[in-house]
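In case you want the letters, here they are:
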Amino acid sequence: MTPLLRSTLSVKTPLCALTVALAALTPSLSQAQTKTLYIGMNGGVMEKTWTSHVFPAFEKANNVKVVVVPGTSSEILAKAQANKDKPQMHVMFLDDGVMIRAAGMGLCEKLKPSPALNEIFPTARFKDDIAAGVTMGMTGLAYNKKMFAEKGWAAPTSWMDMADPKFKGKVVFQSMPSSSFGLHGFLMFNRIKGGTEANVEPGFGAWKSSIGPNVLEYIPSSAKLAEMIQNGEAAIAPLTPTSVATLQEKGIAVEYAQPKEGSVVLMVAQCVIANNSEPVLAQKLAEHLLSASAQAAGLEHGNQIPSNPKAPAVGDDAKLKLRQFADYMKTAVVLDWSVINENRPTWNARWNRTIER
């Protein structure tokens, strides 16, 4: 008997009084048994979608609270690395290339076998199941539909459209060191200029005389982009179809364009953080997030393209998004992340020193 219960009751306490005392005590016992899992992921739309429509079913089934630690992939990785010996998060979402870095740092533990893991696309399973894709996508171009219509401009068709003089002061580019969108855009420009992931000299060499003069601002993430489009500041920027669809739902006049050179495959992946304080629950959460039901909710409420092909598409709009995704994937480019991750710290320093000063 707990001290609280002992002090509340006496040997002569009537049965009805005992019932009342136990009833009063029950909420605190229930609350004490509820555990909390912390998951690192992008804030904004992704956080809102998963918090409102995906996590609740898991929380109810497991008497647990899932709390989001918001941030960009680079920020989440930095937090996980800083607390490697005593993790403060249990699961994290990272862009695919950043996830490969995290796995190489020993920050992830292998996912447990599960039916949901077996259902996802083979391309969404990382080597040795150290991580798994949760949402699928690609980086292409977003453009200001209202501005383009007013100017009589044709929709963009190439990454090189960002170098068109008519867009001087109207290109918004995400910072390459902190954003996958920025990294993708730069590496596709580099390829067009004759470079490869192993040779970025063409990209760095040509930037200042090509896209660079048109850039209004280098932004750390895409959070400001909606405002900049609405204010007529931004004409064109690297972005995903999912992000474009989300902006459209807010009434923002923006469209997605698939570059003729191809978009860049962008997968948001999850891993269970190694040595976390709730390994069993964390694995259960990771399994739930790969399930068809969870990913169907992500598609319906957040335009998240599922990595689980069994996730049902609810409504014509969701079905259209899946058809468009399949069409975009026909020309999508997969980058060499082993080379990128080996050289990215050097690229980041050079970018900050020579481009984004």
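What counts as what
- Residues numbered from 1 in each chain as written.
- Predicted model: local features only at pLDDT ≥ 70, side-chain atom pairs only at ≥ 80, totals over all residues.
- Heavy atoms only, no water.
- Disulfide = S-S within 2.5 Å.
- Helix = DSSP H or I, 4+ residues; strand = E, 2+ residues; numbered from the N terminus.
- Buried < 20%, exposed > 50% of the residue type's maximum accessible area, 1.4 Å probe, protein only.
- Contact = heavy atoms within 4.5 Å.
- Core = buried A, V, L, I, M, F, W, Y, C linked by side-chain atoms within 4.5 Å.
- Phe/Tyr/Trp six-rings, centres within 6.5 Å; stacked < 30°, edge-to-face > 60°.
- Arc of directions from axis to C-beta.

Where do I start with the state of the cysteines in this structure?
A covalent bond bridging the sulfur atoms of two cysteines is what the word disulfide describes. Within this structure, the stated rule accounts for one disulfide. Sulfur-sulfur distance for the disulfide between Cys108 and Cys271 comes to 2.2 Å. The disulfide joining Cys108 to Cys271 has a torsion of about -70° about its S-S bond and is therefore left-handed. Taken as a pair, Cys108 in strand S4 (residues 108-109) and Cys271 in strand S10 (residues 264-273) lie far apart in primary sequence, 163 residues in all. Classification of Cys108 by relative accessible area gives buried; the value is 9%. With relative accessibility at 0%, the residue Cys271 sits in the buried group.

Quick question: what am I supposed to make of the side chain of Gln295 here?
Tracing the backbone through its elements, the reader meets Gln295 in helix H14 (residues 292-302). Note on Gln295: relative accessible area 2%, which makes it buried. In contact with Gln295, other than residues within four places in its own chain, are Gly133, Val134, Leu289, Leu290, Gln304, Pro306, Ser307, Asn308 and Ala311.

Help me understand the nonpolar core, please; the structure alone is not making it clear to me.
Generally speaking, nonpolar side chains in soluble globular proteins are found buried as a group. In terms of nonpolar packing, the biggest core is built from 73 residues, with Ile39, Trp50, Phe55, Met92, Phe93 and Met99 touching the most fellow members. Considering every element that reaches this core, the biggest residue donor is S10, with seven residues. Other than its neighbours up to four places away in sequence, Phe55 contacts Ile39, Met41, Trp50, Val66, Val68, Leu285 and Leu289. One finds Leu183, Ile211, Val333 and Trp337 within the second-largest nonpolar core, a separate group that totals 34 residues.

Just checking my understanding: could you explain the packing of aromatic side chains for this structure?
According to the stated counting rule, one finds 16 aromatic pairs in the structure shown. On the basis of an interplanar angle of 85° and a centroid distance of 5.3 Å, the ring pair of Phe148 and Trp153 is categorised as edge-to-face. With a centroid separation of 6.5 Å and an interplanar angle of 75°, the aromatic rings of Phe173 and Tyr218 are classed as edge-to-face. Note that Phe173 is positioned in strand S6 (residues 171-174) and Tyr218 in strand S7 (residues 215-219), a separation of 45 residues in sequence. For the pair shown, Phe173 and Tyr218 are each scored as buried. Following the ring pairs from residue to residue traces out a cluster consisting of Phe173, Phe186, Phe189, Phe204, Trp207, Tyr218 and Trp351.

It is not clear to me how helix H5 (residues 73-82) should be interpreted in this structure. Could you clarify?
At 3.6 residues per turn, the α-helix brings residues three or four places apart onto the same side. Within H5, the full set of buried residues consists of Ser73, Ile76, Leu77 and Ala80. Along the long axis of H5, the arc covered by the buried residues comes to 100°, so they all point the same way. The secondary structure elements touched by the buried residues of H5 are strand S1 (35-41), strand S2 (64-70), strand S3 (91-95) and helix H6 (96-104).

Help me understand unusual backbone geometry in this model?
What is expected of a backbone is that most residues other than glycine have negative phi and most peptide bonds are trans. Although it is not a glycine, Asp128 sits at a positive phi angle of roughly 60°. With respect to the element layout, Asp128 can be found in the loop between helix H7 (115-119) and strand S5 (132-144). You will see that Asn275, though not glycine, has its phi angle at about 65°, which is positive. Assignment of secondary structure puts Asn275 in the loop between S10 and helix H13 (279-290).

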